[in-house]
Structures are given as C-alpha cells and as structure tokens.
Amino acid sequence: MLNILAGRDTNPPAEDRALFVRELCRLTADTRSLYRVTAQQTSFLSRLTIDPRLLADTWSRHFGLLTDLVYLPEIRQSRLKIPRKAIVAVMSAGRRLCAGDFKSRETAGDAVGLVGTMCYVARTNHTLMHAVKAGLFDLLCELDDMLDRRTIAQIVPLFCSCLLTAKVMHAFSQRYAFPLAVGGPRRPSPTWRDIAETFNLYHVLYIRSFQEKSWRCSMPCWNVQGPHHDMVRICPCGAHAYCSGSCQRMHWNAGHRRECSYASFDGPCGLQGAVSLSDIIYISNIVQEYVSLARAEMAQRLEPLFEQASDTEQAIIRLNLTEVSACAAV
Ligand SMILES: [Zn+2]
Ligand SMILES: [Zn+2]
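Bear in mind that the values here come from a model prediction, so they are computed numbers and not experimental data.

(A) Representation of the overall build of the chain within the structure. Of the regular secondary structure elements, the chain holds 16 helices and two strands. Overall size of the chain, expressed as C-alpha extent along the three principal axes, is 75 × 50 × 40 Å. Expressed as a percentage of the 330 residues in the chain, the buried residues total 32%. Put simply, 69% of the contacts in the chain that link residues at least 6 apart link residues at least 24 apart.

Right, here's the structure in full:
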C-alpha cells in the first residue's frame, strides 16, 4: 500500500498520498503510536524463525518500508520525539544481522539507513542519543568492510555534528573510553573513524566545560548594576549569565522577567526545546575556544570590512562549526 499510494520512487498524485496518510492516522491515532507500532513489528520480526534464504530480503523490505514511512512529509513534519523503543528495536535487529553472512550484513546497512533517517527527521538530538546508547557506533565499526557505504556516508557527518551537543557527547562518553583508537586505512568516504576523531577532539573541551565547569568563568555578568564577583550561574533561558544570585534577582526584577524565553515556554534561547541548556553552554564554549585561538586571524579578515563601513559599531559573525574542529585541536 505504501509503495503504491505514497512510495518515494513511484511518485503518486497528492490525493493518493493524502488517502494513505488519512487511513494510517485513523489506524494509529498519532505519529507517536505509529512509531510504537513499527517498534512492535520490528521486534515481532526479530522473534520469527525466518528461512535463511529469505532473511536478508525480508529485513531489507522491512527497513526500506519503514524508511519510506518515516520520510513521508506528513510524518516528518509532525516533529515529535521518536520513542526510544522504535530506535532500539531497529538497532538490535541491525546488530543481529551484522553477525550473519554478507547479504545479512548488507541489510544491517539498511538498518543504519533507517536510524539515520529517524535522526534526520527528529526534532531533537534524543534520537541519536538513544541510537548511541543502543550501540550505533559499534554497528558502524562492525560494518567497516562493507562495500556499499551509502547509508554510512550519510549518517557519519550527522553523527559528527551532533557530537557538538552535550547530550550526545555525554551518551557517547558514558559508553566509550577516551581516547578512541583510530586505526586502519583511511577511506575517501566517511567512516566510524571520523566519528572517533571528532570525539577525541571535542572530549577534552567537554570535560573542561562540564567537570571543571570552565564555562562559569567565561561568561560576562548581565546585571549591569553589580557588584560582580565570580561567574556562577546562568538563567534557564540560556541568554544571560550572572556572577551571583543577587545579580540574577536584580536583573530579573529590572526587566528580564518580561523577556525571558524560558518563562514564555520557548525554552533555552527560544529554540522550543530543540537543544538543551547544557547543549548551548557546550557549543558556546567551543565557539569561545575557537574565537580565543583564532582572534588574530579573525581580526585580520574583519579589518577591511570595518574600514569599508566605518560607522559600523557591531557585526554578527557566523561560524561554521565544522571549521571550528580544526582550531579546537590546537
Ligand atoms: Zn554580577
Ligand atoms: Zn532568562
């Protein structure tokens, strides 16, 4: 039904897809329950004794179907947190297939593709966090010798950029010891080695930021009235840091009460919960580290711009965090 009415390759008319989605919603109530049903199906399939000749094809079809389903615009735009069970079920099926013959191992690559699509459509980085806890990195390592690495090449860059968020880094640090060995030959397409290298790079900053709480000394107090001592706290909205509780109270009463995005339920930095406060602190630490290391070079590049517009008082600088990694390594 999915292939006929809503398949990505068949390109059906909009009414057909609408019909399919309407029926799907009628059967499963909402997207969250739809994900739960997929988890049940995956677990059910795992328990079946399937003829070895049909095993790879059966799973390949199942993963392909779910990938198409998850990618449907109507499902994709529902922007919910994907239930942990749905991710764990796919991961454990993938890891079991990985222990089989070549064809089964190829199908484990399809499982990686499905998890990648789930991470791509998810509203938050919880999906990747659950996948990390369920052994996604191990699966990528085990599939290192596979010839077709399309699905792996897609998930690796996503994985690396999510290591810039505290939650995913925390989940990864809990499971793997620092530093990770990055042995074996380099390959032109992305592999688990890129993830290991990114982890090794950022882990130092992560520890400095969270165990040594370096961020507490690096943010300026927003309470202009003072007095100012050490930097100790941050408003849950993520926008302002204070050197003391009294500074926070004074700034709150002076007007932050009205503009604080946390109080208006928009969450840290008004991002509606897409990233947590600890994520924001961690990213801000990486950016600060980058700025302090690249200050001279940045000044050199900015000088001509300021000369061109001499009345400019402020400028917004956009940083590409993939460039930051080179600098954080220094
Ligand atoms: Zn202060
Ligand atoms: Zn606030």
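(B) Structural detail: the domain arrangement of the chain. For the chain, the domain assignment lists domain 1 (2-206) and domain 2 (215-328). Contacts between domain 1 and domain 2 engage twelve residues on the former and 14 residues on the latter. Listing elements by their share of the side of domain 1 that touches domain 2, those giving two or more residues are helix H11 (166-175) and helix H12 (192-210). In terms of residues, the side of domain 1 that touches domain 2 owes the most to one element, H12, which gives five residues. When its residues are assigned to classes, the side of domain 1 that touches domain 2 shows six nonpolar, four polar and two charged.

(C) Just the nonpolar core, in detail. Of all hydrophobic cores here, the largest spans 72 residues; its most connected members are Val115 and Leu163. Here the element with the most residues in this core is helix H6 (residues 84-98); it accounts for eight residues. Residues from two domains meet in this core; each of domain 1 (2-206) and domain 2 (215-328) gives at least three. Here Leu163 is in contact with Val168, Met169, Phe172, Thr198, Phe199 and Tyr202, once residues within four sequence places are set aside.

(D) Geometry of the packing of helix H7 (residues 102-121) against helix H8 (residues 126-133). In contact at an axis separation of 8 Å, H7 and H8 are set at 150° when each is read in the N-to-C sense. Comparing their axes, H8 and H7 come out roughly antiparallel. Facing H7, whose interface residues are Val115, Met118 and Cys119, H8 presents Thr127, Leu128 and Ala131. Its residues assigned to classes, the contact of H7 with H8 comprises five nonpolar, one polar and no charged.

(E) Expanded view of the packing of H6 against H8. Orientation of H6 relative to H8, taken along the N-to-C sense of each, is 40°, at an axis distance of 9 Å. One way to sum up the angle between H6 and H8 is to call them oblique. As for how H6 packs across H8, the hand of that crossing is right-handed. Together, Arg84, Ile87, Val88 and Met91 of H6 and Thr127, His130 and Ala131 of H8 make up the contact between the two elements.

(F) How the structure looks around helix H14 (residues 277-293). A rise of 1.5 Å per residue sets the reference length of H14, with its 17 residues, at 24 Å; its end C-alpha atoms lie 24 Å apart and thus fit the reference within 8%. For H14, every residue scored as buried is listed here: Asp279, Ile280, Ile281, Tyr282, Asn285, Ile286, Glu289 and Tyr290.

(G) Looking closely at the environment of Thr151. Within the fold, Thr151 resides in helix H10 (residues 150-162). Considering only alpha carbons, one finds Thr151 and Leu19, 132 residues apart in sequence, at a separation of 30 Å. Discounting residues that sit within four places of it in the chain, Thr151 has contacts with Gly109, Asp110, Val112, Gly113 and Gly116.

(H) Representation of the environment of Thr127. Relative to the helices and strands, Thr127 is located in helix H8. Under the C-beta neighbour-count criterion, Thr127 is labelled buried, with 25 such atoms within 10 Å. Put simply, Thr127 and Asp16 are 111 residues apart on the chain and 30 Å apart in space, counted from C-alpha to C-alpha. When near neighbours in sequence (up to four residues on either side) are disregarded, Thr127 contacts Ile82, Ile87, Met118, Cys119 and Ala122.

(I) Layout of unusual backbone geometry. A cis amide bond, omega -5°, links Phe178 with the succeeding residue Pro179. Tracing the backbone through its elements, the reader meets Pro179 in the loop between H11 and H12.

Calculation notes
Residues numbered from 1 in each chain as written. Chains lettered and ligands numbered in written order. Predicted model: local features only at pLDDT ≥ 70, side-chain atom pairs only at ≥ 80, totals over all residues. Helix = DSSP H or I, 4+ residues; strand = E, 2+ residues; numbered from the N terminus. Buried ≥ 20, exposed ≤ 12 C-beta atoms within 10 Å, placed from the backbone. Contact = placed C-beta atoms within 7 Å. Domains from an automatic or database assignment. Nonpolar A, V, L, I, M, F, W, Y, C, P; charged D, E, K, R; others polar. Core = buried A, V, L, I, M, F, W, Y, C linked by C-beta atoms within 7 Å. Axes fitted to C-alpha atoms, helices over the stretch in contact; angles between N-to-C directions. Parallel < 35°, antiparallel > 145°, perpendicular 65-115°, else oblique. Left-handed = near helix turned anticlockwise from the far one by under 90°. Expected span 1.5 Å × (residues − 1).

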